[in-house]
Amino acid sequence: MLNRFILFVAVMVFAGLFRATLAEDVLDDLVSDGKAGNAPQEQPTGAPITDFSVAQKLDQQDPGSYEYRIGPMDVIEVQVFQAEELSREARVNTQGYVSLPLIGGVKVAGLTTSEAERQIEKVLGEKYLQDPHVTVFIKAYESQKITVEGWVKNPGVFPLKGKTTFLQAIANAKGMDRLADFSEVAIFRTVNGKTRGYILSYTKVRSGQQIDPVLQSGDIIVVNRSGSKAGWELFTKTLTSFVGWTVLF
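Calculation criteria
- Residues numbered from 1 in each chain as written.
- Predicted model: local features only at pLDDT ≥ 70, side-chain atom pairs only at ≥ 80, totals over all residues.
- Heavy atoms only, no water.
- Helix = DSSP H or I, 4+ residues; strand = E, 2+ residues; numbered from the N terminus.
- Contact = heavy atoms within 4.5 Å.
- Areas by Shrake-Rupley, 256 points an atom, 1.4 Å probe, with all protein chains shown as cover.
- Core = buried A, V, L, I, M, F, W, Y, C linked by side-chain atoms within 4.5 Å.
- Buried < 20%, exposed > 50% of the residue type's maximum accessible area, 1.4 Å probe, protein only.
- Phe/Tyr/Trp six-rings, centres within 6.5 Å; stacked < 30°, edge-to-face > 60°.
- Pairing = 2+ DSSP bridges.
- pLDDT = per-residue confidence, 0-100.
- Axes fitted to C-alpha atoms, helices over the stretch in contact; angles between N-to-C directions.
- Salt bridge = Lys/Arg side-chain N within 4 Å of Asp/Glu carboxyl O.

Here the focus is the overall build of the protein. Within the protein, the secondary structure is distributed over 6 helices and 11 strands. Of all intrachain contacts in the protein linking residues separated by at least 6 positions in sequence, the fraction that spans at least 24 positions is 56%. If you sum the accessible surface of the protein, you get close to 14,200 Å²; carbon and sulfur atoms cover 52% of it.

Attention now goes to the nonpolar core. If you look at the biggest cluster of nonpolar residues, it comprises 20 residues, and the most contacted ones within it are Ile 70, Ile 76, Val 78, Val 108, Ile 120 and Val 136. Elements with a contribution of two residues or more to this core: strand S2 (75–80), strand S4 (97–100), helix H3 (113–127) and strand S6 (134–140). Excluding its chain neighbours within four sequence positions, the residues that come into contact with Val 108 are Ile 70, Ile 76, Val 92, Gly 96, Val 98 and Ala 116. Core analysis: the second largest hydrophobic core is formed by 19 residues, Ile 146, Ala 180, Leu 200 and Val 223 among them.

In total, this model carries 3 aromatic pairs according to the counting rule given. Residues Tyr 68 and Tyr 141 carry aromatic rings whose centres are separated by 4.9 Å and whose planes lie at 85° to one another, so their mutual orientation is edge-to-face. With Tyr 68 in the loop between helix H2 (56–59) and S2 and Tyr 141 in the loop between S6 and strand S7 (145–150), this residue pair connects regions lying 73 residues apart in the sequence. Among the residues examined, Tyr 141 registers a relative accessible area of 23% and is labelled partly exposed.

At Lys 174, a residue that is not glycine, the phi angle is positive and equals roughly 70°. Following the sequence through the fold, Lys 174 ends up in the loop between helix H4 (166–172) and strand S9 (180–191). When its relative accessible area of 56% is taken as the criterion, Lys 174 is described as exposed. A positive phi angle, close to 55°, is found at Asn 192, a residue other than glycine. Relative to the helices and strands, Asn 192 resides in the loop between S9 and strand S10 (194–200).

Summarising burial for S10: 6 of the 7 residues are buried, a large majority. Summarising the sheet, S9 and S10 pair through 7 bridges and their orientation is antiparallel. Residue Val 191 lies in a different strand from S10, and its bridge partner there is Lys 194. Linking S9 to S10, which pair antiparallel, is a turn of 2 residues; within it Asn 192 sits at a positive phi near 55°.

Attention shifts here to the confidence of the model for the protein. Detail in the predicted coordinates should be disregarded across regions flagged by low pLDDT. Here the protein averages 74 in pLDDT, while 65% of its residues score no lower than 70. When the criterion is pLDDT under 50, residues 2–56 qualifies, and its contacts beyond four places in sequence or with other chains add up to 58 contacts. In this model, residues 242–249 is a region of pLDDT below 50 whose contacts with residues beyond four sequence positions or in other chains number 29 contacts.

On to the pairing of S2, then. Each regular strand carries side chains that alternate between the two faces of the sheet. Where burial is concerned, most of S2 is hidden: 5 out of the 6 residues are buried. Inspection of the sheet shows S2 paired to strand S3 (residues 88–91) by 4 bridges, in the antiparallel sense. Residue pairing across strands places Glu 77 opposite Glu 89, the latter belonging to S3. Judged from the 6 bridges that link them, S2 and S6 form a sheet pairing that is antiparallel. Paired with Val 80 across the strands is Val 134, a residue of S6.

A separate point is the sheet that holds S6. Pairing is antiparallel across the open sheet formed by 3 strands, whose spatial order is S3-S2-S6. A single partner strand is all that each edge strand has here, and the edge strands are S3 and S6. Pairs of neighbouring strands in the sheet enclose a mean axial angle of 25°, with direction left out of account. Sitting on the sheet, H3 touches S2 and S6, and the angle it makes with S6 is about 130°.

Our focus in this paragraph is the pattern of salt bridges. Pairing between side chains becomes possible if they bear opposite charge and their charged atoms approach one another. As enumerated under the stated definition, the model contains 6 salt bridges in all. As a salt-bridge pair, Arg 118 and Glu 117 come within 3.6 Å of each other at their nearest N and O atoms. On the accessibility criterion, Glu 117 (13% relative accessible area) is buried. Across the pair Glu 121 and Arg 118 runs a salt bridge whose closest N-O atoms are separated by 2.9 Å. Separated by 3 residues within a single helix, Glu 121 and Arg 118 lie in helix H3, roughly one turn from each other. What makes Arg 118 partly exposed here is its relative accessible area of 43%.

What follows is the structure, encoded as structure tokens:
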């Protein structure tokens, strides 16, 4: 009986070492794929994320093209020229409408401030005012957020207040921790239900060798610890918390 027990323990230890070695090999493949800049591969639904490719698609953005779009729970201020009684500060409801004097609900979700101005002017001009002039300001940004996790000084969830780049997001998190990996920072982005991971070099972005990409609502930045493969497990926790994907670990 004792010999059987010892044999069982030996088998279990060997199996554990084999799984650990396999996991490290997979991590090596992920990192080397990112460094090599392989083209993104389509992943089956529910499959582990293996697309840690160089941020080519992020770099293709035009940094000057971004405009903040109003969303539910944002607070906006609407000013109607020479009609103070029609001006109001109000919160956009969950359906994307803002309630204004006289005209009631106007859908503004998904619009820029200039588009919202034209929309409100159109409704006012149809029934109540001749040639109205409307100005819209965003007073509180609540609908669009990004997450910065890992080895930064102040990780957390931050609102997007207009155009925000990768470097600005790191600055909002009080900068990189001294133990952070400055050469490989991951950005996770979900578009149409598909999540991709992109690798950026903080050092190269700072020096201008890589474009500083503009972030989108829902982006997750994860900063690994320098020289620590265990830090990749943080990616897993982030994804399962925010995206719900099945991952390798």
